[in-house]
Amino acid sequence: NAGVTQTPKFQVLKTGQSMTLQCAQDMNHNSMYWYRQDPGMGLRLIYYSASEGTTDKGEVPNGYNVSRLNKREFSLRLESAAPSQTSVYFCASSEPGEVAKNIQYFGAGTRLSVL
Amino acid sequence: RKEVEQDPGPFNVPEGATVAFNCTYSNSASQSFFWYRQDCRKEPKLLMSVYSSGNEDGRFTAQLNRASQYISLLIRDSKLSDSATYLCVVNIGRGKLIFGQGTELSVKP
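Residues numbered from 1 in each chain as written. Chains lettered and ligands numbered in written order. Predicted model: local features only at pLDDT ≥ 70, side-chain atom pairs only at ≥ 80, totals over all residues. Heavy atoms only, no water.

1. A short note on the nonpolar core
Now for step 1: Ranked by size, the top nonpolar core spans 24 residues in total, and within it Phe21, Trp35, Ile71, Leu73, Ile75, Tyr86 and Leu105 of chain B carry the most contacts.
Now for step 2: Among the elements of the structure, β3 (19-25), β4 (32-38), β5 (45-50), β7 (60-65), β8 (70-75), β9 (84-93) and β11 (103-108) of chain B are those that each provide at least two residues to this core.
Now for step 3: Counting 20 residues, the second-largest nonpolar core is a separate cluster that includes Cys23, Trp34, Val60 and Val66 of chain A. (Core = buried A, V, L, I, M, F, W, Y, C linked by side-chain atoms within 4.5 Å. Buried < 20%, exposed > 50% of the residue type's maximum accessible area, 1.4 Å probe, protein only. Helix = DSSP H or I, 4+ residues; strand = E, 2+ residues; numbered from the N terminus.)

What follows is the structure, encoded as structure tokens:
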């Protein structure tokens, strides 16, 4: 059972380049999320998708776009990368369930450096 | 004020020690609470949910005080393998989790 799969694992970009981070889950979860994690800070929500066909901004959406391609896949796009976007990016999915516990399962992360 | 605040640590303890982590949250409408564990350069993984009545899972005990908006995690008989960063996490609803910055634990022989 793969769970949540992210690609690529590592990426180096030059300022102004664009790229898409891919995420797929095989747990039939409705909700998917993109976070970034910076040193000394907790994970911060960039965008999330409560269900297929919907996306919403999180805490730090500027400079990013997302696409919920289908129930399995949720991609994050950097249109014009900036050094401030150097970070570790995590994708997660969850099935809130009856009590809305929202337990999230994470991918292994993408380490992105923007030079 | 941060929505979820934790002692940043690091906590350096010998094997066998008991260690306690504290966490406070600001949103009184928070719905559910968790402790996640994150190993160095790895993804966060759920350690345990936290219930108002308190709950225990082996050497780990979690407590929640809604009136004080306070969450704790107690680890007894620390093992070397417990070395990690522990994240306090609060579900504020509408699918959103808020993460504390994490408390680093290092267990030494």
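2. Some words on unusual backbone geometry
Now for step 1: Here the residue pair Thr7 of chain A and Pro8 of chain A is connected by a cis peptide bond, since its omega of -5 degrees sits within 30 degrees of zero.
Now for step 2: Take Pro8 of chain A: it is sitting in the loop between β1 (4-7) and β2 (10-13).
Now for step 3: A positive phi is found at Gln69 of chain B, a non-glycine position, where the angle reads about 55 degrees.
Now for step 4: As for its placement among the helices and strands, Gln69 of chain B is situated in the loop between β7 and β8.
Now for step 5: Looking at Gln69 of chain B, the relative accessible area reads 18%, which means it is buried.

3. Considerations on the sheet that holds strand β6 (residues 55-57) of chain B
Residues and elements named next belong to chain B.
Now for step 1: Sheet architecture is open: 5 strands sit in the order β1-β3-β8-β7-β6, paired in antiparallel fashion. The outermost strands of the open sheet, each flanked by one partner alone, are β1 (4-6) and β6. Recorded for the sheet is a direction-independent mean angle of 15 degrees between the axes of neighbouring strands.
Now for step 2: Pairing of β6 with β7 involves 3 bridges; the strand directions are antiparallel. Bridging across to β7, Glu56 finds its partner in Thr61. (Pairing = 2+ DSSP bridges. Axes fitted to C-alpha atoms, helices over the stretch in contact; angles between N-to-C directions.)

4. Thoughts on the environment of Ser53 of chain B
All names here are of chain B.
Now for step 1: Relative to the helices and strands, Ser53 is located in the loop between β5 and β6.
Now for step 2: Residue classification places Ser53 among the exposed positions, given a relative accessible area of 68%.
Now for step 3: For the pair Ser53 and Leu105, spaced 52 residues apart in sequence, the C-alpha separation works out to 26 Å.

5. As for the interface of chain B and chain A
Now for step 1: Across the contact, 21 residues belong to chain B and 21 residues belong to chain A.
Now for step 2: Around 1700 Å² of area is buried between chain B and chain A when both sides are counted, 52% of it from carbon and sulfur atoms.
Now for step 3: For chain B, the biggest contributors to the area lost against chain A are Arg41, Glu43 and Phe99 of chain B; these three give 26% of the whole.
Now for step 4: Summed over the shared surface of chain B and chain A, the result is 0 salt bridges.
Now for step 5: The interface formed by chain B and chain A includes 3 residue pairs in polar contact (both at pLDDT 80 or more).
Now for step 6: Secondary structure elements with two or more residues in the side of chain B that touches chain A: β4, β5, β9 and β10 (96-99) of chain B.
Now for step 7: When residues of the side of chain B that touches chain A are assigned to their parent elements, the largest contribution, 4 residues, is made by β4 of chain B.
Now for step 8: In terms of residue class, the side of chain B that touches chain A is built from 8 nonpolar, 8 polar and 5 charged. (Contact = heavy atoms within 4.5 Å. Buried area = accessible area lost by both parts, 1.4 Å probe. Salt bridge = Lys/Arg side-chain N within 4 Å of Asp/Glu carboxyl O. Polar contact = N/O pair within 3.5 Å; in protein donor to acceptor, adjacent residues only side chain to side chain. Nonpolar A, V, L, I, M, F, W, Y, C, P; charged D, E, K, R; others polar.)

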